[in-house]
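# Residue-level structural notes
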Amino acid sequence: MDAFRKVVGPDVNLQSLARGVNVVGLNSQPSDVIKLHAQTFKKHGLTTVRNFDALNDVNNLIYSGKCIKEAGLKHEVTVTMMSLAPGWDKTGKYHTPEFYAGVLKNIMKSGIEFDSVCFKDASGTSTPQTVRETIKLAKSMLPSEIKVVFHTHETAGTGIACYLAAIEGGVDSIDLSMAPVSGGTCQTDIISMWHALRGSNYTLDIDIDKIRKAESVLKDCMKDYVLKPEAMRVEPMIPFSPLPGGALTNATRQLREMNQMDKYPALLAAMEEVVRRGGFGTSVTPVSQFYIQQSMQNVLSPEGPWTRFSNGYANMLLGYFGKTPAQPDPELVKLASAYMKKEPTTKTVLELNDADPTKGVKVAKEMLKKNNLPTTDENIFIVAACNDAANGVNKGLDFLLGKAKCQVEKVSNGATSAKLGGNAFTVTVDGTDYGVELNGDKATVNGETFAFSIVEGLKKVAGAVKAAVGGGTEVKSPMPGVVLKLLVADGAMVKNSQPIMVMEAMKMETEIKATADGKVSFAVKNGDTLQTGTLIATIK
């Protein structure tokens, strides 16, 4: 942020986003962290915060909006949008122009101070007609000096049509992107939009030749980075499974890592039911991640759908992220309550979080001091915002300690093997070098010879396991994922149902519990990839 401000100078409007009480993460936050977010972002040169809540629960925007304004930032309050597939809403009351106008009316009645209003469709599923009428209603409700913005994606292939409809409705500003990160799961390209407006009564306030040059430069900057095909194309099924680009590409990345990419169509199909029965929260972070996490559970859980719940989706059903637009399916609420072992709540998110001793600035400071890290505002915010105390994980702390894993994939990394020649190699695995020489069906590794064979493609293979001597009770992975953290030492004595490990799948942390009393012997380590049924540990 400091570098951006230095380059563009003091007058350019630099904007970031906030997810209401969720700030910038998947977990909601107490008051002191929400306030620190606004203060810290102002300190580092931000001008405007686009502030939204995926449930369109105005209670989740009131305090965050107050903090944004008190920090001296501009507040762009936001209404989140998506379409509902035919037959989902029997009442016709949700995610319509009148519904969005009602959300805006509630924002205005609440006393939230704002400088502009954005209508944000992260999944790109709203119809042009809905967009046009929504913008018209908003313009009729707001003072003329309040700017109205529309944001969508090309994921469903209707981005340009929706932007044209927004312009017809009187919108003041639209969000666009530049190739090679435009179109598909991202926004409409600037040049494409400029072209679509040629010959009309509208144009973009740009120098098209400078934009062409800028896109050429960006393409060159991005040439070494992997852009997955599903991120770059239209997905016609998205209106039935409203999945934003960030959640979509994160899901497919993890499916590839787990050798489960063949499950992608089933994942999209499962999401339809998850959204339809979940109360119609808008599919934007964090709710979009909850949807994909629960869809993953339903597709990959060996016990079948709705036997396991992701923490985020279950807590949303139970009211711990605020009030969903419609009432969730009562059967799912009952199942989620039993699975999470807690009752639904009607308390506000701030009430819950301000009373939670595992969250907040004080907890973050203690973590930093314990790990001999500076207690700066920046470090406090990173640790507080990324604290998943329920699962004993803090990715912010891992980042500051240099333990975080970079997920950015470069083309050169994947192309290395294709450039290799000869039959002798040095292979580095997890920081350890191995001298490998291949001769026919024999491989010599560090001087020791083994028989080997190679077949094209990946087989499902269990991770490296330790021999289970003398039997014992096995603990196996319930789904594909990655080992995030071992919660007890190898060889420790554990009790039945005691959490022993945290695994991650689809940005979801899941506790793995002991299945018996006894001494635990782990067959995996941090960072290992798991398949459904992979042996995690033996307890005897």
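Presented here is an overview of the structure given in this document. (Residues numbered from 1 in each chain as written. Predicted model: local features only at pLDDT ≥ 70, side-chain atom pairs only at ≥ 80, totals over all residues. Heavy atoms only, no water.)

## Observations regarding empty space enclosed by the protein
Evaluation of the coordinates by the stated rule reveals one cavity of 30 Å³ or more. In this structure, the largest cavity encloses a volume near 40 Å³. Around the largest cavity, the lining residues are Asn22, Asp53, Ala54, Leu55, Asn60, Pro286, Val287 and Phe321. The residue inventory of the lining of the largest cavity, partitioned by class, reads five nonpolar, two polar and one charged. (1 Å grid on protein atoms, 1.4 Å probe; cavity = no way out; pocket = protein on both sides within 12 Å on 5 of 7 lines; lining within 4 Å. Points joined across faces, edges and corners; volume = space filled by probe spheres on them. Nonpolar A, V, L, I, M, F, W, Y, C, P; charged D, E, K, R; others polar.)

## A look at the layout of surface pockets
Empty space within the second largest pocket amounts to approximately 550 Å³. Only helix H4 (97-110) and helix H13 (311-317) provide two or more residues apiece to the lining of the second largest pocket. Split into classes, the residues belonging to the lining of the second largest pocket amount to 14 nonpolar, 11 polar and three charged. (Helix = DSSP H or I, 4+ residues; strand = E, 2+ residues; numbered from the N terminus.)

## Topic: a nonpolar patch on the surface
A contiguous nonpolar surface patch, about 250 Å² in accessible area, is contributed by Val7, Val8 and Val12. Mapped onto the secondary structure, valine 7 falls in helix H1 (residues 2-8). Given a relative accessible area of 72%, valine 7 falls into the exposed group. (Patch = residues over 30% accessible without salt bridge, like charges linked within 9 Å, V, L, I, M, F, W, Y side chains within 5 Å. Areas by Shrake-Rupley, 256 points an atom, 1.4 Å probe, with all protein chains shown as cover. Salt bridge = Lys/Arg side-chain N within 4 Å of Asp/Glu carboxyl O. Buried < 20%, exposed > 50% of the residue type's maximum accessible area, 1.4 Å probe, protein only.)

## Describing the sheet that holds strand E3 (residues 74-80)
Strand order in the open sheet made by the six strands is E1-E2-E3-E4-E5-E6, with parallel pairing throughout. If you trace the sheet from one side to the other, it starts and ends with strand E1 (15-18) and strand E6 (173-174), each paired once. Across five bridges, E3 lies against strand E4 (residues 116-120) in parallel orientation. Opposite glutamate 76, over in E4, you have serine 116 as the bridge partner. (Pairing = 2+ DSSP bridges.)

## Some points on the sheet that holds strand E18 (residues 518-522)
The strand order across the open sheet built from four strands is E13-E20-E18-E15, with neighbouring strands paired in antiparallel fashion. In the strand order of this sheet, the two ends are held by strand E13 (473-476) and strand E15 (493-494), each with one partner. Across four bridges, E13 lies against strand E20 (residues 535-539) in antiparallel orientation. Residue pairing across strands places glutamate 474 opposite threonine 538, the latter belonging to E20.

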